[in-house]
Amino acid sequence: MPNKSWNNTFNNRCRIVVSMLMVLLLLTGTGDKLYAAEGAGQEPEVLIVYSTQDGALTDEVRMLDMVLGHYSSKLTYVADEVLTERDLDGVTHLVYYGSISKDLSSSSRQIMQRFPGTWLALGKNVEQLGARFSFFQVNGQVDIQKVSKPKGVDQVLLNDNYLVGHVSLSKGDVLLEGWKGMYTYPLMVQYGKTAYFASSNFTSPFSLFVSEALHEVFKQPHDAGRYALIRLEDVHPHSDPKLVWEAGSYLADKGIPFVIALIPVYENSETHEMVHLKDRPEMLKVLRELQKRGASIVLHGYMHHYRNSETGEGSEFWDIENNTPISKAPEDETPLKKRYAFASQAEYETYQQSLKEYEEHYIQTRMETGIKELTELGLAPVAFEAPHYTMSQKGYEVMARYFPYVLGQLQFNDRDWVHMGAPPFVSKPAFLHGMTLLPETIGYYDPSSSTPMQDIKDKYREVSFVRDGMVSMFFHPYLGVKPLKEMIAYVETLPDVKWIDVRGLSGQEISLDSGQEASEPTILAESLEEQGTTLKITDIYQNLHDFLRENGWVQLVLWGIAGLVSVMVMLFMLYTWRNRANLRKQLFMERDLDG
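Residues numbered from 1 in each chain as written. Predicted model: local features only at pLDDT ≥ 70, side-chain atom pairs only at ≥ 80, totals over all residues. Heavy atoms only, no water.

### Comments concerning the packing of aromatic side chains
Here's step 1: As enumerated under the stated definition, the model contains 20 aromatic pairs in all.
Here's step 2: Their ring planes at 10 degrees and their centres at 4.9 Å tell us that Phe136 and Tyr196 sit as a pair that is stacked. Note that Phe136 is positioned in strand 5 (residues 136-149) and Tyr196 in strand 9 (residues 194-197), a separation of 60 residues in sequence. Here the two residues Phe136 and Tyr196 agree in accessibility, since each one is buried.
Here's step 3: The ring of Phe431 has Arg62 lying over it, and the distance from NZ or CZ to the ring centre is 4.9 Å.
Here's step 4: Over the face of the ring belonging to Trp179 we find Lys146, whose NZ or CZ atom lies 4.9 Å from the ring centre. (Phe/Tyr/Trp six-rings, centres within 6.5 Å; stacked < 30°, edge-to-face > 60°. Helix = DSSP H or I, 4+ residues; strand = E, 2+ residues; numbered from the N terminus. Buried < 20%, exposed > 50% of the residue type's maximum accessible area, 1.4 Å probe, protein only. Lys NZ or Arg CZ within 6 Å of the ring centre and 35° of its normal.)

Here's what the structure looks like:
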């Protein structure tokens, strides 16, 4: 009898513990997330095999990286020539991008053809990929003028005729349609776990179309609606504090979280006078008050220029004059040396390495100095925006050491700063080294345009093709608050829009006053020392606020369940030990009775 009771108790307690653990696992990941890869379920492991000239990571591959980064942060890239069987270990999704026509090696073909998971092919060489792509045929090319979703939904007129593969579908579904006059042609098709996009062109707007169709390929869960983001651009010590206050307080009064793209130092391009934020108490007071009311401070460079341009007008992390990464001090006008200036390849490579080391030191120094100056003044930068969106690939690597988020657009390569872009939604591409991109998608209020608001509406119409395309824009406070009100009024007419709180994403909490109305700050009503003391007092509660803001009630429930399970396990162990002790005692008593 004791044995049977022991087994029943063990089984019952195990069932309880296992049940609680299952509930814990089911609840994990149910919170609101910004991009598909953070939804419920296992995050896809994606391998991208690409065929490009000389195996280079082209602009199209970078754009593909940004689009795929919405669906997974686990992205690995490999040129087709060096693909091995081991590259597919643990992979759930395979993507092949054929930028050029070429004969794939038998080894690469066989490795990919053995892959059993979800497989997407884009562009050329699909006829070499095997039986999984036999549900359609590509018969030459056709030029199209429009693209739509299935059955002509959301037709987009292209700005030119584009050649795409002429696909004849024998089975499966059409995800995108190309139009030539009144005739439609499958542009992206899918059958089971296999999909194909019939163009190697992955620049805009084709990247936009694929961004939408990939929802049907990855089938990752999404929050309903669109995210919106507004930032006040190019704010620096020389900005008009009254205009910055008017713009920021207008947004705060409406309960709209917003970003201030802040430049810590202003340098006069003629006199070279340096003005720091600490030298402008009026501006500092405004920034602190707006931060209390919900503004997210974003480091927008340190001085927003490299050589002789005025702060806010020049690039800072790219040498525009030479169209190269930063390689020397701004005042150094010595021309960069070419290969022929060196006696050997080794000497040239040593020289190139010295340039790279200078760039890394330059970027790191400006990042750290900017962060230090802002935090010492009670302003906490939570993300970064590169001046004029220009930055080398090394720059993104350095930036990732300091910030989890980057705003705006991204530069694709180290050859030409003009080549840049952004996906239509939040993304975590591989070349950002763990950072998340909050893209700019619908531009800004341009006073030089005769139709600035129509320009914004036209850009939104493009991005709205994607079901979760962001409504992300910026505004210069020096224009006065009236144009900002026009922009916000338009966004408020759009359905299912949710504003992004960048500070909340990073887990930072400065004050509980966000969104409440406030009067215009009286300059120096409180000393800077008192302001700093107030910030330090609130820091006592920082960790609690961070936890509640970032994780919310779902995480509290999860921790509660985890604690309950832990207590039950300990009670079960105690109960087990007690039963075994009693059983042993009973056995000794029976042995004594039996003599």
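Back to the text.
### A short note on the nonpolar core
Here's step 1: Core analysis: the biggest nonpolar cluster contains 103 residues, and Leu214, Ile260 and Leu484 have the highest contact counts within it.
Here's step 2: Of the residues forming this core, the biggest block, eight residues, is contributed by helix 4 (residues 206-218).
Here's step 3: If you count residues domain by domain, this core takes at least three from each of domain 1 (46-218) and domain 2 (226-500).
Here's step 4: Residues in contact with Leu484, not counting those within four places in the same chain, are Ile230, Leu232, Ala247, Tyr250, Leu251 and Phe475. (Core = buried A, V, L, I, M, F, W, Y, C linked by side-chain atoms within 4.5 Å. Domains from an automatic or database assignment. Contact = heavy atoms within 4.5 Å.)

### Here's the deal with the pairing of strand 7 (residues 173-180)
Here's step 1: With three bridges connecting them, strand 5 and strand 7 associate as antiparallel partners. Directly across from Val147, in strand 7, lies its bridge partner Gly178.
Here's step 2: Sheet topology places strand 7 next to strand 8 (residues 183-191); seven bridges connect them, and they run antiparallel. Paired with Gly178 across the bridge in strand 8 is Tyr185.
Here's step 3: Count of turn residues in the strand 7/strand 8 antiparallel hairpin: two residues, of which Gly181 carries a positive phi of about 65 degrees. (Pairing = 2+ DSSP bridges.)

### A word on the side chain of Ser327
Here's step 1: Within the element layout of this structure, Ser327 appears in the loop between strand 14 (295-299) and helix 7 (345-376).
Here's step 2: Using a relative accessible area of 8% as the deciding quantity, one classes Ser327 as buried.
Here's step 3: Every residue in contact with Ser327, bar those within four places of it in the chain, is listed here: Leu336, Leu355 and Tyr358.

### Concerning the sheet that holds strand 9
Here's step 1: Reading across from one edge, 2-1-3-4-9-8-7-5-6 is the order of the nine strands in this open sheet, with mixed pairing throughout. Across the chains shown, the open sheet's two edge strands, defined by having one partner strand only, are strand 2 (74-79) and strand 6 (153-169). Neighbouring strand axes in the sheet, compared pairwise and without regard to direction, differ in orientation by 25 degrees on average.
Here's step 2: Bridge count for strand 8 against strand 9 is four bridges, and the pairing is antiparallel. When the bridges of strand 9 are listed, Gln190 appears paired with Ala195.
Here's step 3: Contacts from helix 2 (residues 59-68) reach strand 1 (45-51), strand 2 and strand 3 (93-98), with the element oriented near 160 degrees to strand 2. (Axes fitted to C-alpha atoms, helices over the stretch in contact; angles between N-to-C directions.)

### Things to note about the environment of Met188
Here's step 1: Within the fold, Met188 resides in strand 8.
Here's step 2: C-alpha of Met188 to C-alpha of Gly178: the two residues are 10 residues apart in sequence and 8.8 Å apart in space.
Here's step 3: Those residues in contact with Met188 that sit more than four places away from it in its chain are Leu120, Asp173, Val174, Leu175, Leu176, Tyr196, Phe197, Ala213, Leu214 and Val217.

### Section: the side chain of Thr441
Here's step 1: Its location among the elements puts Thr441 in the loop between strand 19 (436-439) and helix 9 (452-463).
Here's step 2: Overall, the relative accessible area of 15% leaves Thr441 in the buried class.
Here's step 3: Side-chain polar atoms of Thr441 contact the backbone nitrogen of Ser472, separated by 3.0 Å.
Here's step 4: Setting aside chain neighbours within four positions, we find Thr441 in contact with Pro423, Pro424, Lys459, Val463, Met470, Val471 and Ser472. (Polar contact = N/O pair within 3.5 Å; in protein donor to acceptor, adjacent residues only side chain to side chain.)

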